[in-house]
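# Observations on chain architecture
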Amino acid sequence: MHMLFGLIGLLCSHITLAVFNPTPGDRLWNLAAETGVIASAIEGTQTRIQQSSVAAGTYTISSSGRYALVENITAPSGAIAITIVADDVYLDLNGFTINGAGGATALISIDAGRKNITIINGRLINAVGHGIRILDGCLGIALQDIVVEGASINGFFLDGSGGSALNHAMMRNCQSFSNGGSGIVLSNANQVIISDYVSGDDANFAISMVASSSQVTLEHFDMFQTGSSSINVSDSSRVVCIRDGCITDAGLNGIIIDNATQVTLQGVDIIKPSAVGIRFAASRVALEGFNIIRPGSHGLRVGANATDICIENGCIQFPVSTGMLFDGSNESFSIRSVIIESAGSSGFVLGASCEDFSVVDCTAQICGAEGFLFNDLCRHACVQNCCATTCQGSGFLSTDLGNTIFTDCSAIDNRRIGFEILSTGTLVASGRNQNMVFDSCKAIANYDTGFLLGRDGLVQSSSIVNCTALQNGVLGGGPTGNNFFLYMRKSLIRNNLATSPGVNNMIFADPIFSVELSGENQVISNVCSSPGTGLNFGDVGITGPPNVFIGNFAASISGGMTNYASITSAPILGVVTASSSIAPVNFTYWTNISATNT
């Protein structure tokens, strides 16, 4: 008797569950797992689908209601296993498998224009075509706990390419493995949420968003060993959020964003992609909280003309090539709190004609070339609190830079120069080689010069203020080995500290290049100390007025001031040299001179 009441209770419980419709995407009970039988009490509330249901061909769901798979089935030869042509359908695969051997197009197909369709809890294998295909114009699709494996094309195909967009779709806890195309393809699909997605060994992408797909969220995902890039966002797709996921061993790029707008990446880890970690040629892109480890090429690459970009809180380790590369003509972008370590080439590379950008709180360390490289005609930039250390090239290298401020930046132990501005020798109205500020920057123990500004040409209307150069050129020596090596005019050099250089503390121009330093220079209150020459004017002919040298101090050095023979009409006020070998003679414009051991 107790057993009878127990059985009745069990059946009644199923009747209750069958009466109350679950929220779309909620998992139904698995009858086979929980009871071992198909309860006759729910017959009439769910339509059973079994192998005999497809004996004559495709099983077509043409009426609204609840449907349940009750055994594994194999798709009939040349036919789709299940086609849904009605609205308001709930299909529970009950943990069973649909085998696509002999099938066609897809294992499950949802006809165009259908709405409110839910499919849950099953496995689709060996599809001749797609695992699940949803056609254009559908509205309100929910897929949950579905695995697609070994489809000859795509695992899940949300196909709105027939002329009407597919809208309002949700996929939760779905998986795709070893499919011949991509794991998931969204084509003209809008308002889509994909969460807790796993993809492995898909031949193309793990997920691809194309044909103007929009308002897509992909979150909580794991992807590994895709044949191509793991995530593709392209073809005018927009308003895409990708967050909290891991990509491992992508066959090409980890993430590619091409011809898309308004894309956000947050909390993404990319490990060992064969090519680039993240590559995009898009506008209005935001990256935050990312890690890229051992990419086969660049860590992050931004295509030419991409604009309105924010990159923040990232780490790139051991890229074979550049850590972060902008191809050029990029504008209106910000890079903040990014660390690049052990890049095979340069750490940060900003291509030609980048402008209106900032690089803040970033570090490049142990890179194979430059730490920070600003290519031709970059301008209108702010570089703040950045550090380049132990790089094989210069810490900061720029060519024809203009209208840029470096604040609180450090170059330490780099194998060439700390801060280097290369000039093509031409000053142009666009701002090339002028209007630059170095404020409170530090160059320490670089193998060659600490600050080399204007090499091969001139820098004008610029300033070096409150900067420090220590022991540059001591270890490697380089071709010069100075703390400050300056080709500057109409500029301000004030309140700097230089000590213990390999050769000179502060040298103006270089006779090798026959460049004349002239016009409106102010060299004020600089401190230079042992062991090299304090102020070296380079034998290049400093003329004036209005050159002004005021209150400079050179102590305990072999030559407090050298190569000054050709200085004419330049007031040199209050230059102090202690324990040095300067002979201040024949300078009618020198005043307030104090010297010892002269």
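These figures come from a predicted structure and were not determined experimentally.

Another aspect to go through is the overall build of the protein chain. Each helix and strand in the protein chain was counted, giving two helices and 57 strands. A burial count over the protein chain gives 56% of its 598 residues as buried. When contacts within the protein chain are restricted to residue pairs at least 6 apart in sequence, those whose partners lie at least 24 apart make up 59%.

With that settled, the discussion passes to the pattern of salt bridges. With the rule as written, the count across this model stands at nine salt bridges. With its nearest N and O atoms 2.8 Å apart, the salt bridge here joins R243 to E219. Of the two residues, R243 is situated in strand β20 (residues 238-248) and E219 in strand β18 (residues 214-224); the sequence distance between them amounts to 24 residues. Residue R243 is classed as partly exposed on the basis of its relative accessible area, which comes to 29%. Linking E420 and R416 is a salt bridge whose minimum nitrogen-to-oxygen distance equals 3.2 Å.

With that out of the way, let us pick up the environment of C409. Here C409 is to be found in the loop between β34 (402-407) and β35 (410-412). Residue classification places C409 among the buried residues on the basis of a relative accessible area of 0%. Taking the C-alpha atoms as reference points, C409 and V360, separated by 49 residues in sequence, lie 9.4 Å from one another. When residues no more than four places from it in sequence are discounted, the contact partners of C409 are V383, Q384, N385, C386, F396, F419, S440, C441 and K442.

What follows covers the side chain of T226. With respect to the helices, strands and loops of the structure, T226 is situated in the loop between β18 and β19 (231-234). Residues within four places of T226 in sequence aside, it is in contact with S199, D202, N204, F205, A206, D249, A250 and G251.

With that out of the way, let us pick up the packing of aromatic side chains. Going through the model one piece at a time under the given rule, you end up with 15 aromatic pairs. Here the aromatic rings of F396 and F406 are separated by 6.1 Å at their centres, their planes lie at 85 degrees, and the arrangement is edge-to-face. Placement of F396 in strand β33 (residues 396-399) and of F406 in strand β34 is noted, with a sequence separation of ten residues between them. Taking the relative accessible area as the measure of exposure, F406 reaches 1% and is therefore buried. Measuring from ring centre to ring centre gives 6.3 Å for F438 and F451, while their planes differ by 90 degrees; the resulting arrangement is edge-to-face. Placement of F438 in strand β37 (residues 436-439) and of F451 in strand β39 (residues 451-455) is noted, with a sequence separation of 13 residues between them. Residue classification places F451 among the buried positions, given a relative accessible area of 0%. Among the aromatic residues, ring-to-ring pairing joins F326, F333, F348, F357, F372, F374, F396, F406, F419, F438, F451 and F484 into one connected group.

Another aspect to go through is the environment of T97. Within the secondary structure, T97 sits in strand β7 (residues 97-99). It is 4.9 Å that separates the C-alpha atoms of T97 and N72, two residues lying 25 residues apart in sequence. Once residues within four sequence positions are removed from consideration, T97 is found in contact with N72, I73, R123 and I125.

To continue, consider the environment of S337. Looking at the element boundaries, S337 is found in strand β26 (residues 331-341). Judged by relative accessible area, S337 falls into the partly exposed class, the value being 24%. Put simply, S337 and G314 are 23 residues apart on the chain and 6.7 Å apart in space, counted from C-alpha to C-alpha. Setting aside chain neighbours within four positions, we find S337 in contact with E312, N313, G314, V360, D361 and C362.

A few words now on unusual backbone geometry. With a phi close to 65 degrees, D201 is a non-glycine residue in the positive phi region. If you trace the backbone, D201 turns up in the loop between β16 (189-200) and β17 (207-210). D201 sits in the partly exposed class, given a relative accessible area of 37%. For N385, which is not a glycine, the phi torsion comes out positive at approximately 50 degrees. When its relative accessible area of 43% is taken as the criterion, N385 is described as partly exposed.

Our next topic: the confidence of the model for the protein chain. Fine structural detail should not be taken from predicted coordinates in areas where pLDDT scores are low. Of all residues in the protein chain, 75% attain a pLDDT of 70 or more, and the chain-wide mean is 82. Across residues 539-545, confidence stays below pLDDT 50; counting only partners more than four residues off in sequence or on other chains, it has 29 contacts. Note on residues 563-598: pLDDT under 50 across the span, and 85 contacts to partners over four residues away in sequence or across chains.

Looking now at the pairing of strand β22 (residues 278-293). As paired elements, strand β21 (residues 255-271) and β22 share twelve bridges and run parallel to each other. Within β22, the position partnered with L265 by the bridge is L287. Here β22 pairs with strand β23 (residues 300-302) via three bridges, running parallel. Considered in β23, the bridge of I278 is made with L300. Note: β22 against strand β24 (residues 307-317), eight bridges, orientation parallel. Across the sheet, N291 pairs through a bridge with C315, a residue of β24.

This part is about the pairing of strand β12 (residues 156-159). Side chains F156 and L158 of β12 all project onto a buried face; the interleaved residues F157 and D159 project onto the opposite face, where all are buried too. Relative to strand β15 (residues 184-187), β12 runs parallel, the two being bridged by four bridges. Pairing of F157 across the sheet is with V185, part of β15.

Turning our eyes to something else, we now look at the side chain of T83. Checked against the element boundaries, T83 lands in strand β5 (residues 82-84). A residue is classified by how much of its surface remains accessible, and T83, at 13% relative accessible area, is buried. With residues near it in sequence (within four places) discarded, T83 still touches T58, Y59, T60, I61 and S109.

Another point: the state of the cysteines. Applying the stated criterion across every chain yields a total of zero disulfides. A disulfide-free cysteine, C367 has its sulfur positioned 4.1 Å from the sulfur of C391, the nearest such atom. A relative accessible area of 0% places C391 in the buried class.

Parameters at a glance
Residues numbered from 1 in each chain as written. Predicted model: local features only at pLDDT ≥ 70, side-chain atom pairs only at ≥ 80, totals over all residues. Heavy atoms only, no water. Helix = DSSP H or I, 4+ residues; strand = E, 2+ residues; numbered from the N terminus. Buried < 20%, exposed > 50% of the residue type's maximum accessible area, 1.4 Å probe, protein only. Contact = heavy atoms within 4.5 Å. Salt bridge = Lys/Arg side-chain N within 4 Å of Asp/Glu carboxyl O. Phe/Tyr/Trp six-rings, centres within 6.5 Å; stacked < 30°, edge-to-face > 60°. pLDDT = per-residue confidence, 0-100. Pairing = 2+ DSSP bridges. Disulfide = S-S within 2.5 Å.

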